[in-house]
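Each chain is listed here by its residues.
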Amino acid sequence: MSTILFELGCEELPPKSLKPLRDALQASVTEQLTAADITFDSIKAFAAPRRLAIQIQGISDKQPDRTEQKRGPAIKAAFDAEGNPTRAAMGFAKGLGIEASELTTINTDKGDYVGFEQTIRGQATTELLPAIFQTALDNLPIAKRMRSGASRNEFVRPVQWAVLMQDDTVIDTTIQGHQTGTQTRGHRFHSPDYHNIAHANDYEELLSGLKVVADFDKRQMLIKNQVKTLADEVNSDAIVPQDLLDEVTALVDFPIALRANFEARFLQVPQEALISTMQADQKYFCLTDKNGKLQPYFIFITNIESKDPNQIIEGNEKVVRPRLADAEFFFLQDQKQPLFALTESLKNRVFQDKLGTIWEKSERIAKLAAFIATLMQQQGHDINVDETVRAGILSKADLASSLVGEYPELQGIAGTYYARLNDEPEAVAASLEEQYLPKFSGDVLPQTPIGICLALADRLDTLVGIFAIDQAPTGSKDPFSLRRSAIGILRILIEKQLPINLVALVEQAIKGYSDAEGSKIAKMGDTFTQVMAFLNSRYRAMYTEQGVSVDTIQAVQAINPHMPLDFDQRIRAVQAFSELSQASMLADSNKRVANILAKSEVSVADTVDEALLSESAEQNLYANVQQAQTVVQPLLEQADYTQVLQTLASLDEPLTQFFDQVMVNSEDAALKKNRLALLKQVRALFLTVADISELQL
């Protein structure tokens with residue numbers, strides 16, 4: 001057992017790719033070692049700005065020997081009547097490099113064959129490793145590879161050196177065009193020269209002395225701890241997005257955190273703009289107070305251990321000041337006119353060539369949002385329809401602002417700031433930011449009633465418009481993010497407990513494209529059908545992400561509920577039903593009932609003639625069905641689908657007895673029709689919630 005060390009030294013690797021490259025390298029090497037039957041105790045990957053490395057401890061020196069059984073021709077074909085080997089047997093033996101006399105007999109259930117067991121000697125690990133590491137490098141997820149100088153070898157960045165060692169010995173080979181050795185390099189500035197690695201186990205400790213923290217996770221933890229310490233000193237919390245933390249970790253070998261200041265006057269600017277520019281452009285960690293309000297500090301990570309850190313701090317303060325000043329300028333410039341005035345320029349900005357301007361979209365959003373607000377009012381929600389219309393008209397105004405022009409990610413956020421400065425009602429102002437929620441899977445939903453109306457109206461308007469012009473998403477393209485929009489609509493209606501019918505919403509959205517000159521939608525019926533089908537198809541993606549089984553989703557989709565909240569209640573009911581001991585039998589019985597009714601060549605009546613119920617089993621089933629119908633009716637009115645299915649579970653035994661004792665397809669036509677009518681009632685009871693026959697239990 002020994003230790004293997006592999007290191008590839010490069011020019012600075014792309015920071016956003018460093019962590020994925022590390023993980024992919026380790027995964028590939030691990031997979032190849034396992035496939036080659038090479039055992040090891042542990043494997044660890046390292047990643048720093050100028051290196052990727054793998055250290056494998058307790059690795060076996062060679063593959064184990066293995067025995068392979070080679071099977072040749074059948075005994076009958078291998079030997080003649082006198083027992084002498086035939087040409088077939090001799091040819092087989094010659095191919096194995098043995099004499100025919102060394103062949104053995106292999107007994108199988110298909111007959112006896114000649115064969116031979118040969119031992120395959122395992123290769124030395126050091127012979128296999130060069131190809132393993134080169135293959136792992138070749139398979140790394142690199143979008144665009146480059147060549148360095150005249151070299152034909154390609155990699156994400158020019159390669160400078162390569163190390164491959166077994167304990168204290170070089171494994172002599174060429175990787176990425178570089179001869180392997182035992183020399184590595186330290187920090188670019190603090191320790192730029194080559195240094196010899198005495199033993200593969202010394203790697204991490206050696207680099208630590210050369211001002212390189214090679215372990216990505218350890219380096220990241222150092223950054224997090226230093227940032228927290230500096231933030232605590234000014235009683236603040238640091239904003240540390242994981243993506244930014246990963247990127248900063250990939251930029252430095254030896255992280256040192258420093259805190260700097262900026263002028264407090266910049267805090268009058270929307271803090272989202274300041275945070276955006278400091279994070280995206282400067283890779284700074286911003287600080288907030290305990291209430292989330294931005295503080296006039298930022299923390300940055302330097303890669304140099306300076307004798308005078310104040311110079312570095314002052315340099316960063318100088319660099320960030322013009323960027324914050326730009327944000328301040330845009331913010332003040334926008335305030336020279338009210339938010340509503342910005343809507344004028346939207347009349348010349350195209351939303352989509354065939355669907356008109358952004359101003360026209362704002363008008364459609366206002367009308368549709370007012371329709372939704374009216375529905376919410378009728379359901380008891382406290383919402384002002386006039387304010388909803390005002391919010392719809394202002395919903396896209398900030399797209400014409402200088403601040404959003406510079407920071408597109410602030411759309412909606414900027415509108416909320418400007419609306420408050422213009423003394424718009426708070427309900428209107430808050431909704432302008434909330435209209436874009438949820439922005440991604442699992443994101444928060446709009447909280448205010450008007451925000452909910454705008455979020456629904458905006459998505460529905462886009463969905464209907466894009467389908468109307470035949471630009472529906474394809475398998476690989478969804479430029480308008482319609483899949484995300486559709487799931488956003490469903491989530492809002494479900495999680496906000498809004499019993500609103502999708503049919504009404506889609507129809508109203510389609511009407512929004514009509515004016516005095518006609519409609520921008522040529523085929524309203526087709527558009528309605530396609531949009532409804534698209535929305536219904538999103539249930540599967542949404543619920544499978546929550547861990548709901550596909551057959552449960554299909555069971556509810558089979559009856560095509562048009563109200564997302566109702567759909568969700570049925571899903572939860574079917575999930576609960578699936579846990580019952582009777583569920584499997586009832587699912588099978590429902591399949592059987594559905595098949596019998598589908599194959600019926602006569603029209604099945606809705607009512608049962610009790611006088612024709614001759615068998616005790618069918619009488620018992622009928623009595624239970626009658627009782628279930630009575631119990632279920634009020635439960636359906638309350639949409640208590642879980643209790644409905646719990647009640648119908650009592651039909652398990654009567655149904656089983658019915659199928660065991662009653663011949664449905666009786667030669668007596670009247671009896672047959674009556675029994676089919678009884679099964680139709682059973683089927684109808686279950687279909688009030690879902691098609692249980694879809695369940696695979």
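Please refer to the structure higher up on the page.
On a predicted model such as this, the values are computed, not experimentally measured, just so you know. (Residues numbered from 1 in each chain as written. Predicted model: local features only at pLDDT ≥ 70, side-chain atom pairs only at ≥ 80, totals over all residues. Heavy atoms only, no water.)

Draft legend 1. Layout of the overall build of the protein. Within the protein, the regular secondary structure consists of 26 helices and 22 strands. The C-alpha atoms of the protein give 36 Å as radius of gyration, which overshoots the globular expectation for 697 residues (26 Å, by more than 25%). Each principal axis of the C-alpha atoms in the protein carries an extent, and together these give about 105 × 95 × 50 Å. Each of the 697 residues in the protein was classed as buried or not, and the buried ones make up 48%. The long-range fraction of contacts in the protein, counting pairs at least 24 apart against all pairs at least 6 apart in sequence, stands at 69%. When the accessible surface of the protein is totalled, it reaches about 33,000 Å², and 47% of it is carbon and sulfur. Charge-centre separation for the protein: the mean point of 68 positive side chains lies 5 Å from the mean point of 93 negative side chains. (Helix = DSSP H or I, 4+ residues; strand = E, 2+ residues; numbered from the N terminus. Rg over C-alpha atoms; globule rule 2.2 N^0.38 Å. Buried < 20%, exposed > 50% of the residue type's maximum accessible area, 1.4 Å probe, protein only. Contact = heavy atoms within 4.5 Å. Areas by Shrake-Rupley, 256 points an atom, 1.4 Å probe, with all protein chains shown as cover. Lys, Arg positive; Asp, Glu negative; His and termini not counted. Charge placed at Lys NZ, Arg CZ, Asp CG, Glu CD.)

Draft legend 2. Region of interest: the sheet that holds strand β17 (residues 285–288). Strands sit in the order β15-β17-β18-β16 across an open sheet of four strands; the sheet is antiparallel. Both edges of this open sheet fall to β15 (237–238) and β16 (256–261), since each of them pairs with a single strand only. As judged from the six bridges shared by β16 and strand β18 (residues 294–302), these two strands associate in the antiparallel manner. Note that in β18 the partner of Arg259 across the bridge is Ile299. (Pairing = 2+ DSSP bridges.)

Draft legend 3. Structural view of the sheet that holds strand β10 (residues 169–170). Pairing within the open sheet is antiparallel, and its five strands lie in the order β2-β3-β1-β9-β10. Of all strands in the sheet, those with a lone pairing partner are β2 (42–48) and β10, marking the two edges.

Draft legend 4. Up close: helix α25 (residues 652–661). If you check which residues of α25 are buried, you get Asp652, Pro654, Leu655, Phe658 and Phe659. As for α25, its buried residues are in contact with α22 (583–599), α23 (616–637), α24 (641–648) and α26 (669–687).

Draft legend 5. How the structure looks around unusual backbone geometry. Between Leu437 and Pro438 the backbone carries a cis peptide bond, its omega angle lying at -5°. One can find Pro438 in the loop between α15 (426–434) and α16 (449–468). A positive phi angle, near 65°, is found at Asp37, a position not held by glycine. Assessed through its relative accessible area of 46%, Asp37 is described here as partly exposed.

Draft legend 6. Spotlight on the pairing of strand β6 (residues 111–120). Bridging between strand β4 (residues 66–74) and β6 involves seven bridges; their strand directions are antiparallel. Of the residues in β6, the one forming a bridge with Gln69 is Glu117. Relative to β6, strand β5 (residues 104–108) is paired through five bridges, and the arrangement is antiparallel. Of the residues in β6, the one forming a bridge with Asn107 is Asp112. Linking β5 back to β6 in an antiparallel pair, the connection comprises two residues.

Draft legend 7. Focus on the pattern of salt bridges. By the definition in use, this model includes 35 salt bridges. Notably, a salt bridge pairs Arg121 with Asp65, separated by 3.0 Å at the nearest N-O pair. Remark: Asp65 occurs in the loop between β3 (51–59) and β4 and Arg121 occurs in the loop between β6 and α4 (125–138); sequence separation between them is 56 residues. Among the salt bridges present, the one from Asp458 reaches Lys396, with a minimum N-O distance of 2.7 Å. Of the two residues, Asp458 sits in helix α16 while Lys396 sits in the loop between α12 (385–394) and α13 (402–406), which places them 62 residues apart along the sequence. By sharing partners, the salt bridges in this structure join Lys361, Arg364, Lys396, Asp458 and Asp461 into a single network. (Salt bridge = Lys/Arg side-chain N within 4 Å of Asp/Glu carboxyl O.)

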